[in-house]
Amino acid sequence: MNISAPNRISYLRTSVFLPDGRRSQGSPLPSPAFPKRQAAVFFPVDYTDYKTKCEKDRECKEEDTRSVIVELAEPVNSGILNRFKRMATIYPYRDVSWLVVVMFTIATTAFVVNGFLGLLPLVFPTTLFPSFAVASPASILTGSILFSLGGFLGLLSAFNVDRSSLSKDTKSDDQLDFPLYKPALLGSPEFVWFPSASEFKSIYLPSIAFRAGLIQFVGGIIFSIAGFAGFPGVISVEDPLAFAYTQALVFLPQLIGGFLFLCANLVLMIMAQERWYKPNFGEATWNIAFLSAMGSIGFMLTGGLLLIDPTMGFLIGASSFWGAWSLFLGILVQWYVLMGFYPDK
């Protein structure tokens, strides 16, 4: 899935050139070829007067700097409760990254409901209700559709990284992930639905993190096949090959989709680490990728167990429930990180 978009976008920033042709911060600039200077005329300087003037200029500059800092640095409460408050009260709907987290939050909520419905009748058989046969596949279908749509929006958010021109830098209140956050907003002149061919080949395709995002997107499309094929009536139960169709179109796509999710998020986890074998528990983007990987394992196990023996109901329901909750927690962390760039005022 595209739950690790902030991590992937942060690695896109390491490209020498930004999508709009500007150089990223910290990128080495080529030495310019300066024109030959003409011989300057020497004027004698009174050192005492010059030193006094420099000290006065320095004092004036320090006063100006202090006034600018006081004017621009508005107090931002970066406490945990305040950040959760922003998640519930601030709606930057023109920011595609915000749309991604909202879309995935709803999708993973549907998956959690599906996992709950799968476990509940096994633990408490008396809770089985008449419309269960429709409610369970409807929840997985809803989640699959929103999952695929969120993956597409995740690619759009990557395409529009640092394309906005802001008069004042917008920084995270705790500097968790990015030194600067300037996405092109929906409806703005800078927003693009797809970059130029030269940008796509030179900036996006060479990025390992962006390739991981593409793998997740493809995995989401494959996973959505299971949601559509598993809806009642799509595969006729009276068909002699109904079980074979179910294995090929429902169980197998879950296994393949979960495997692709796992591969992509393992790559993002390694990229968020200083060393490939050393976990980075203190990094928010690493934790997002880790939770996504755990959720991917749950979905992959669900498909694998269904292929091996569909009668293992409890193990299948438990793995689905575990995977859904891991993805849900991961997207909440991503939402939490994103709100660091949207202060109260």
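Thresholds, definitions, all that
- Residues numbered from 1 in each chain as written.
- Predicted model: local features only at pLDDT ≥ 70, side-chain atom pairs only at ≥ 80, totals over all residues.
- Heavy atoms only, no water.
- Axes fitted to C-alpha atoms, helices over the stretch in contact; angles between N-to-C directions.
- Helix = DSSP H or I, 4+ residues; strand = E, 2+ residues; numbered from the N terminus.
- Parallel < 35°, antiparallel > 145°, perpendicular 65-115°, else oblique.
- Left-handed = near helix turned anticlockwise from the far one by under 90°.
- Nonpolar A, V, L, I, M, F, W, Y, C, P; charged D, E, K, R; others polar.
- Phe/Tyr/Trp six-rings, centres within 6.5 Å; stacked < 30°, edge-to-face > 60°.
- Buried < 20%, exposed > 50% of the residue type's maximum accessible area, 1.4 Å probe, protein only.
- Core = buried A, V, L, I, M, F, W, Y, C linked by side-chain atoms within 4.5 Å.
- Contact = heavy atoms within 4.5 Å.
- Patch = residues over 30% accessible without salt bridge, like charges linked within 9 Å, V, L, I, M, F, W, Y side chains within 5 Å.
- Areas by Shrake-Rupley, 256 points an atom, 1.4 Å probe, with all protein chains shown as cover.
- Salt bridge = Lys/Arg side-chain N within 4 Å of Asp/Glu carboxyl O.

**Q** How would you explain the packing of helix 8 (residues 242-271) against helix 9 (residues 284-308) if you had to name every residue and give the values?
**A** Any two packed helices are characterised by the angle at which their axes cross and by the distance between the axes. Two elements in contact, helix 8 and helix 9, have axes whose closest approach is 7 Å; the angle formed by their N-to-C orientations is 155°. Between helix 8 and helix 9, the angle falls in the class roughly antiparallel. By crossing handedness, the relation of helix 8 to helix 9 is classed as left-handed. Tallied by class, residues from the contact of helix 8 with helix 9 come to 17 nonpolar, nine polar and no charged.

**Q** So what's going on with the packing of aromatic side chains? Which residues, and what values?
**A** By the definition in use, this model includes 23 aromatic pairs. Taking 5.6 Å as the distance between ring centres and 45° as the angle between the ring planes, the aromatic pair formed by Phe159 and Phe210 counts as tilted. Placement of the pair is Phe159 in helix 5 (residues 132-159) and Phe210 in helix 7 (residues 208-229), with a sequence separation of 51 residues. Accessibility expressed as a relative area gives 0% for Phe210, which makes it buried.

**Q** Account for unusual backbone geometry, naming residues and giving values.
**A** Positive phi outside glycine occurs at Asp162, with the angle close to 60°. With respect to the helices, strands and loops of the structure, Asp162 is situated in the loop between helix 5 and helix 6 (197-204).

**Q** Mind laying out the nonpolar core, listing which residues take part and the relevant values?
**A** Residues Phe111, Phe147, Phe159, Phe210, Leu338, Met339 and Tyr342 are the most contacted members of the largest nonpolar core, which totals 40 residues. Those elements giving two or more residues to this core turn out to be helix 4 (96-123), helix 5, helix 6, helix 7 and helix 10 (313-338). Top element by residues in this core is helix 4. It accounts for nine residues. If near-sequence neighbours (up to four positions away) are discounted, Tyr342 is found in contact with Arg86, Ile90, Pro92, Asp95 and Tyr181. Listed in part, the eleven residues of the second largest apolar core include Ala212, Ala264, Leu268 and Met300.

**Q** Lay out the environment of Met300 in plain terms, naming residues and giving numbers.
**A** Mapped onto the secondary structure, Met300 falls in helix 9. Residue classification places Met300 among the buried positions, given a relative accessible area of 18%. Sequence-wise, Met300 and Leu252 are 48 residues apart; in three dimensions their C-alpha atoms are separated by 9.3 Å. Setting aside residues no more than four positions away along its own chain, Met300 makes contact with Gln254, Leu255, Gly258, Phe259 and Leu262.

**Q** I'd like a rundown of the side chain of Ser136, residues and numbers included.
**A** Note that Ser136 resides in helix 5. According to the relative accessible area criterion, Ser136 is buried, its value standing at 15%. Beyond its immediate stretch of four places on either side in the chain, Ser136 contacts Asn114 and Leu117.

**Q** Quick rundown of a nonpolar patch on the surface? Include the residues and the values.
**A** Taken together, the side chains of Leu122, Val123, Phe124, Phe314 and Leu315 define a hydrophobic patch exposed on the protein surface, amounting to about 500 Å² of accessible area. If you list the elements that add at least two residues to the nonpolar patch, you get helix 4 and helix 10. Mapped onto the elements, Phe124 comes out in the loop between helix 4 and helix 5.

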